[in-house]
Amino acid sequence: MNPTPETPEPPKTPEATARQESLIEYPSQFPIKVMGLKVDGLVAAITHVAHQFDPAFDASTIELRESKGGKYLGVTITVTATSREQLDELYRTLSTHPMVKVVL
């Protein structure tokens, strides 16, 4: 009895490979936690960046949380993620902002 030969899979496109490697389905609502010193303008700056990457970003969904000592402010934004590239660039932009200390 001869085993049947397996048909080779067609080559995958870069998009198909990226989709397979990603655990996120696009588009989806994606929360990002940003932390910085509690100073005037922090929330406005983060909101501005969010709008650059998600024009439909709804600022009314922002969640704020002060640190125990009140020196830092945690800002959670939820953006509509449309691609890995968009999220990577958003994280990069937020991480390099002078008012931002940490992005999770």
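Preceding this section is the structure that the text describes.
All values derive from a computational prediction rather than experimental measurement. (Residues numbered from 1 in each chain as written. Predicted model: local features only at pLDDT ≥ 70, side-chain atom pairs only at ≥ 80, totals over all residues. Heavy atoms only, no water.)

Asker: Which parts of the structure should I look at to understand the overall build of the protein?
Answerer: Secondary structure assignment for the protein yields 3 helices and 4 strands. Element order for the protein, N to C, with α for helix and β for strand: α-β-α-β-β-α-β. Burial statistics for the protein: of 104 residues in total, 28% are counted as buried. Nonlocal contacts in the protein, meaning residues at least 24 apart in sequence, comprise 70% of its contacts between residues at least 6 apart. As presented, the protein carries roughly 7600 Å² of accessible surface, and 56% of it is formed by carbon and sulfur atoms. (Helix = DSSP H or I, 4+ residues; strand = E, 2+ residues; numbered from the N terminus. Buried < 20%, exposed > 50% of the residue type's maximum accessible area, 1.4 Å probe, protein only. Contact = heavy atoms within 4.5 Å. Areas by Shrake-Rupley, 256 points an atom, 1.4 Å probe, with all protein chains shown as cover.)

Asker: Sorry, what's going on with helix α2 (residues 42–53) here?
Answerer: Helical geometry note: an α-helix holds 3.6 residues per turn, so side chains three or four residues apart project in the same direction. Under the 1.5 Å per step criterion, the end-to-end length of α2 is 17 Å for 12 residues, consistent within 8% with the ideal 16 Å. When we look at burial in α2, the residues that qualify are L42, A45, I46, T47, V49, A50 and F53. Buried-residue contacts for α2 involve β1 (28–37), β3 (72–81) and α3 (84–95). (Expected span 1.5 Å × (residues − 1).)

Asker: Would you mind showing me how to read the environment of R92 here?
Answerer: Its place among the elements puts R92 in helix α3. For R92, a relative accessible area of 47% gives the class partly exposed. Placed 11 residues apart in sequence, R92 and V103 show a C-alpha to C-alpha distance of 9.1 Å.

Asker: Which parts of the structure should I look at to understand the side chain of T47?
Answerer: Examined against the element boundaries, T47 turns out to sit in helix α2. Among residues more than four places away in sequence, those in contact with T47 are F57, A59 and I62.

Asker: Please clarify how the sheet that holds β3 should be interpreted in this entry.
Answerer: In a beta sheet, neighbouring strands pair by backbone hydrogen bonds and run either parallel or antiparallel. As summarised here, the arrangement of the 4 strands in space is β2-β3-β1-β4, forming an open sheet in which the pairing is antiparallel. Either end of the sheet is taken by a strand with one partner, and the two such strands are β2 (63–66) and β4 (100–103). Mean inter-strand twist for the sheet, computed between neighbouring axes without regard to direction, equals 25°. Where β1 lies against β4, 3 bridges are found, and the strand directions are antiparallel. (Pairing = 2+ DSSP bridges. Axes fitted to C-alpha atoms, helices over the stretch in contact; angles between N-to-C directions.)

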